[in-house]
Amino acid sequence: MLSPISAKSTDAMSSSDNNPERTLADLGVTRPDQVLSLFAEVRERFDRQVSRPLDHPSWEILRQSWLGRKSGVLTLITEHWLKPAAPDLKRSVGQELNKLKTHLETTLEERRVDVESLADHVASIRDRVDLSLPGVNRPVGSRHLIRQVFQEIEDIFFSIGFSVVEGPEIETPYYNFEALNIPEFHPVRDDMDTFYLELPPSPDKKTAPTQLLLRTHTSPMQIRTMEKQKPPVRVIVPGKVYRRDNPDATHSFAFHQIEGLAVDTDITFCDFTGTIEYFVKQFFGPSVKTRFRPSYFPFTEPSVEFDVSCPFCGGTGASNGSTCSKCKGAAWIELFGAGMVDPAVYGFVNYDAKKVSGFAFGIGIDRLAMLKYGIDDIQVFFQNDVRFLKQFP
Ligand code: DAH
């Protein structure tokens, strides 16, 4: 630590030989050369004091004792040495006094700068951050695998001119079923047995509230999109869907789909299969093969199921000499449903079924992610176990 001069020791002038409270005559100074040595002593005294270690308060005390207006040494010298000086000494006292004043001021200013930078230095040592201390390690999260797969698929469809739209997870039966050509007593509704919302009675308690349900697929967005927009339409719809399924390794009451819809005046079945094939090869790699089989969906005609040659056994049905565990020896894996938009659907959105044509598809994302990343239990997507999540940074 510094040992600054104490207030007591700043008693600037203590020697009786050069005491500025006495006059020159009292001190026996009668010749100019005596004046010079008198001032030299004073200056030496100052130099000694100013070269001691100083902090800001002791610097201020020192300054006051030398330059203070009322009783600083400089004032005392003016009062007791200069003013009453004999005429033949006045000139040299005046000159020496000026020199002393300049010396005091410049030296004190230099010391002030020193003192302050020292204070800064001390503060910087006190406040220093110890960079060698271990920091707080906040783990950085990453996107969930489902999000990543959404992104991958969106990028592929972006590259061929599709855009992304999203829609409500709570739907009316009209959008979820009727407008998709699934009338109330159609048997396919059984497959979609789902969650209806329990709604409070309407304020007048007479009319039944509009029914609402958690959407069972992303297909309602086909209708909502076409209602809003004239052809050409080229959209994909990523989102969450819900069904009253019992959880097991391949079922969950909430899962994810990407709907696709392309409608224009000249879309053919060839455009449809070409688009799907492009997507599948981008997603699984160029060596996979695709095939489609006839199927049935009320909102497409014809309807198909798309299969991909098993990416794990190279479409042979066998791996390492035994039956491929992924495709169970079938060599093909069922991917998703699709088809040409049923003309009946256009009727619900005021499109002219004679002028437009198009295709639609609905991809189960969880299933696709499981296939691509070799995951055998859909439940891991929802359990949020970091040991699982960490594998997909
Ligand atoms: N919505 C269907 C489902 O969830 C999937 C689907 C099949 C969507 C065919 C389509 C389609 O757009 O054309 O089972």
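Source: prediction; values computed, not measured. (Residues numbered from 1 in each chain as written. Predicted model: local features only at pLDDT ≥ 70, side-chain atom pairs only at ≥ 80, totals over all residues. Heavy atoms only, no water.)

K.L.:
Can you lay out the nonpolar core for me, pointing to particular residues and giving the numbers?
P.N.:
Counting 45 residues, the largest nonpolar core has Ile153, Phe279, Phe284, Phe336, Phe361 and Phe381 as the members making the most contacts within it. Mapped onto this core, the elements with two or more residues apiece are α6 (145-158), β5 (254-264), α10 (269-284), β7 (300-309), β10 (332-341), β11 (357-364), α12 (365-373) and α13 (380-383). Considering every element that reaches this core, the biggest residue donor is α6, with 7 residues. Dropping the residues within four chain positions of it, Phe279 is found in contact with Ile153, Ile156, Phe157, Phe336, Ile363 and Leu368. Of all hydrophobic cores here, the second largest spans 26 residues; its members include Leu38, Phe39, Leu54 and Val115. (Core = buried A, V, L, I, M, F, W, Y, C linked by side-chain atoms within 4.5 Å. Buried < 20%, exposed > 50% of the residue type's maximum accessible area, 1.4 Å probe, protein only. Helix = DSSP H or I, 4+ residues; strand = E, 2+ residues; numbered from the N terminus. Contact = heavy atoms within 4.5 Å.)

K.L.:
Which residues make up the confidence of the model for the protein chain, and what are the values?
P.N.:
Averaged over every residue, the pLDDT of the protein chain is 90; the share at 70 or more is 96%. Scored below 50 in pLDDT, residues 1-11 shows 23 contacts in the model against residues more than four places distant or in partner chains. (pLDDT = per-residue confidence, 0-100.)

K.L.:
Let's hear about the layout of surface pockets: which residues, and what values?
P.N.:
To find the voids left in a structure, one rolls a probe of water-molecule size over its atoms. What the largest pocket holds in volume is close to 1300 Å³. Lining the largest pocket we find 44 residues, and of these Phe255, Glu334, Leu335, Gly364 and Arg367 sit closest to its centre. Elements with a minimum of two residues in the lining of the largest pocket: α8 (188-191), β5, β6 (290-297), β7, β10, β11 and α12. In terms of residue count, the dominant contributor to the lining of the largest pocket is β10 (6 residues). For the lining of the largest pocket, the class distribution of residues is 21 nonpolar, 12 polar and 11 charged. The volume enclosed by the second largest pocket comes to roughly 230 Å³. Gly141, Ser142, Val386, Leu389 and Lys390 are the residues nearest the centre of the second largest pocket, which is lined by 13 residues in total. Residue contributions to the lining of the second largest pocket peak at 3 residues, all from helix α14 (residues 386-389). (1 Å grid on protein atoms, 1.4 Å probe; cavity = no way out; pocket = protein on both sides within 12 Å on 5 of 7 lines; lining within 4 Å. Points joined across faces, edges and corners; volume = space filled by probe spheres on them. Nonpolar A, V, L, I, M, F, W, Y, C, P; charged D, E, K, R; others polar.)

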